[in-house]
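Chains, contacts and geometry: an overview
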Amino acid sequence: MTQPTNGSLLQPDYVPGEPVERHFADADLVWTDDEQKQIATFRSEYPTNDGAVMKVLWMAQNKFSWLPPDVIQFVANTIEVPYAKVYGVATFYTQYFKEKKGKFVLDICTCFGCQVCGGYDILHYLEEKLGIEKGQTTDDGLFTIQEAECLGACGSAPMLQVTNGPYVHNLTKEKVDGLIVDLKADKMPGFQSVTLPQDETDLGGNRRSDTEAVTEYQTPPVSETIH
Amino acid sequence: MAEAPSLITGESKAGDWRNYERVILPPVKDLHKIEVYEEDGGYSALKAVVKDGKFDPAALTDEVKASGLRGRGGAGFSTGLKWSFMPPVDPEKPRYLCCNGDESEPGTFKDRQIFEYNPHLMIEGIILACYAMTIKTCYLYIRGEYIDYVHHVQKAVDEAYAKGYIGKNILGTDFSTNIVVHYGAGAYICGEETSLMESLEGHRAYPRIKPPFPAQSGCWGMPTTINNVETLACVPLIVNRGAAWFSGIGPERHPGPVLYGISGHINKPGVYEFPTGMLIRDLIEVAGGVRGGKSVKAVVPGGSSTPPLTWDMAKDATMDTETLREAGSSMGTAGLCILDEDTDMVAFTRRIAHFYHHESCGQCTPCRDGTGWLEKLLSRIESGEGYTRDLDLLLEICDQMEGRTVCALADAAAWPVRWGIRRFRDEFAARCKADSFASSEQGDGSVEAQPVL
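Residues numbered from 1 in each chain as written. Chains lettered and ligands numbered in written order. Predicted model: local features only at pLDDT ≥ 70, side-chain atom pairs only at ≥ 80, totals over all residues. Heavy atoms only, no water.

1. Some points on the domain arrangement of chain B
Interface size is commonly expressed as the accessible area that is lost once the parts come together. Residue and element names in this part refer to chain B. Let me state the cut-off plainly: As used throughout, domain bounds are those supplied by an automatic or database domain assignment. Whether two residues are in contact is decided by their heavy atoms: any pair within 4.5 Å suffices. A simple way to read buried area is as the amount of 1.4 Å-probe accessible surface that goes missing from two parts once joined, with both sides added. The salt bridge definition used is simple: a Lys or Arg side-chain nitrogen within 4 Å of an Asp or Glu carboxyl oxygen. The term polar contact refers here to a pair of N or O atoms within 3.5 Å; inside protein, the definition further demands a hydrogen-donor-capable atom paired with an acceptor-capable atom, and it admits residues adjacent in sequence only when both atoms are side-chain atoms. Numbering of helices and strands runs from the N terminus, with a helix taken as a DSSP run of H or I at least four residues long and a strand as a DSSP run of E at least two residues long. Classification used: nonpolar for Ala, Val, Leu, Ile, Met, Phe, Trp, Tyr, Cys and Pro, charged for Asp, Glu, Lys and Arg, polar for all others including Gly.
Structurally, chain B comprises domain 1 (23–247), domain 2 (257–340) and domain 3 (345–431). Each side of the interface is counted separately: domain 2 has twelve residues, and domain 3 has 13 residues. Summing both partners gives a buried area of about 1000 Å² for domain 2 against domain 3, and 70% of it is carried by carbon and sulfur. It is Ser 304, Ser 305 and Pro 308 in domain 2 that bury the most area against domain 3; as a group they hold 45% of the surface buried on that side. If you look at where domain 2 meets domain 3, you find one salt bridge. Between Lys 297 and Glu 427 there is a salt bridge whose closest N-O contact spans 2.9 Å. In this structure, the connection of domain 2 to domain 3 is made through five residue pairs in polar contact (both at pLDDT 80 or more). Secondary-structure elements contributing two or more residues to the side of domain 2 that touches domain 3 are β7 (296–300) and β8 (309–310). At three residues, the largest contribution of residues to the side of domain 2 that touches domain 3 is made by β7. Partitioning the side of domain 2 that touches domain 3 into residue classes produces seven nonpolar, four polar and one charged.

Here is the structure:
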């Protein structure tokens, strides 16, 4: 794979219309050797160039923290797919950030499993605590709050996800306070294994011995907003 | 024709479930590690089939068909039958298997436990399915939110490659297959099989019109089969213990072990493994009963798109496709949400409508616009600004959505609203204002009979 040349990167001859909006300098829009190797692996996994789009967009988002048009153009050039196609994919999926977000994006699940257990209470508590509304970012650029659709952890509701990464289960207001303190100290929560209720009887707790953080399923808190 | 006897008997169809021995998530510590899995008899089904020739591909498909295994992803289609739809092998044409681990249906969180606790069972099932259909590549599609679990699965896949269970010349035979772990980026629609394939190809995940069905023209236009994670995890069990063992678990027409995800107002929420055909009552009992000792108002038996059941309808019903259909809902993904007596059904239904509005891919107008109107009207009712006639308008919108789109998302969005209103109409009506101008005088002194929006 060839590294796209930066001179023609953002204004290649074949793209009509206005040049794409710039947020990063040419010098930043390069892949390291390791990343190039990774991209080559991704491309080999699919029969067409398009197949690797999603994985390379993820790589770009992890590297640049969001996907402005120039990064999308960069991805398009990397895997030799038209800009419009990559833009189409990037805008279809919610986890790709098309706007600049805070350093920590808190996706609070409020879908019905969490709703009935207090997902909205947690959302409103965070809004109050951080002084912003859902969809907004704090002035210091640290936190963005988002209302998420079902994140697939209804058994340990209410829960949230930190920046498309670790899940934090069985939330309470105290737990949220602790999380915010940790995040301000730049401490991301680790992976939490959630026990199976049947394992608690059969195995005396969690079945994994190699995970530090273990959360037990617990009786969900009473929601203040749905009743 | 004599009327068939009712399936809602109030009797459990799960047999001796209190002494049920778990098989998908057996109580073995650290089963996610390949050494432990092998010690527990893991990959023996693969050895027996691929190396020792216990079944040839056609016989394996027949065995799965005979077991009565039905898809665990929601539709409940016979897995063996689905496999037999694959056209004869054409050496010129690649064929694909997609393992659907998108699991975005609200109320569903079972596949996540397989990814974390028993990924090798799923991997073994994938390879066996590839063998049965002579497939050389499997794409394992996991939703983007599960990125931590993607890493778990990737590690398990790498271990299986290192041990020679996946890759070229599996166990020294001439059978080769590869597994590629693919992850999404947050779109419910990717759980729909044709849209999953679009996503895999690197496009916007717009569902395709069927036919052609994936077995004829799937990923990159090639023959493709799509199975759920839990479905494939059952395959090694069927090989090891036989189709008769599998079909002997639970009710005859929908047998096998199932992961029930129980959530909502329940004391011990979580994933429970039991036979199909469990009484909803019994499941609530094993999950510790309803929080605060309250009574149940409604049960959503299989994820957000299955119509909610009132307690009267649910209390004698069992968890299998036929019985739940008679009860007025469907099995879906077996993700039960239990709602207690204090639940606000209007807020609940509004939140489901919000979900579908957010997740509609926007390809078909009835769904793109319909989901939006459902949400708007329900929000209006929730805030006390709605009118009684809005309820009929909602039902009319549902009529306009169901069956008029490329995929079933519009149906899935309409059902909980339609049945929510039908079954809890009093609660909805109590939040509505009386019709504003049903009998209001017009400018000319006449009375308008029919309210028109």
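There is more to say after this.
2. Overview of empty space enclosed by the protein
Residues and elements named next belong to chain B. Cut-off, in case you're wondering: Throughout, the protein atoms alone are placed on a 1 Å grid, and a set of points is a cavity if a 1.4 Å probe fits but cannot get out or a pocket if it is open with protein on both sides within 12 Å along at least five of seven lines; lining residues have an atom within 4 Å of a point. Grid points are joined across faces, edges and corners, and a volume is the space filled by probe spheres set on the points.
Using the criterion set out here, one finds two cavities of 30 Å³ or more in the structure. As for the largest cavity, its lining consists of Ile 189, Pro 207, Ser 360, Cys 361, Gly 362, Gln 363, Cys 364, Cys 367, Thr 405, Val 406, Cys 407 and Leu 409. The class makeup of the residues in the lining of the largest cavity is eight nonpolar, four polar and no charged. Considered as a void within the structure, the second largest cavity measures approximately 30 Å³ in volume. Around the second largest cavity sit Asp 102, Ser 104, Tyr 141, Arg 143, Gly 144, Glu 145, Gly 184, Ala 185, Gly 186, Ala 187 and Cys 190, which together line it. Taken together, the residues that form the lining of the second largest cavity break down as four nonpolar, four polar and three charged.

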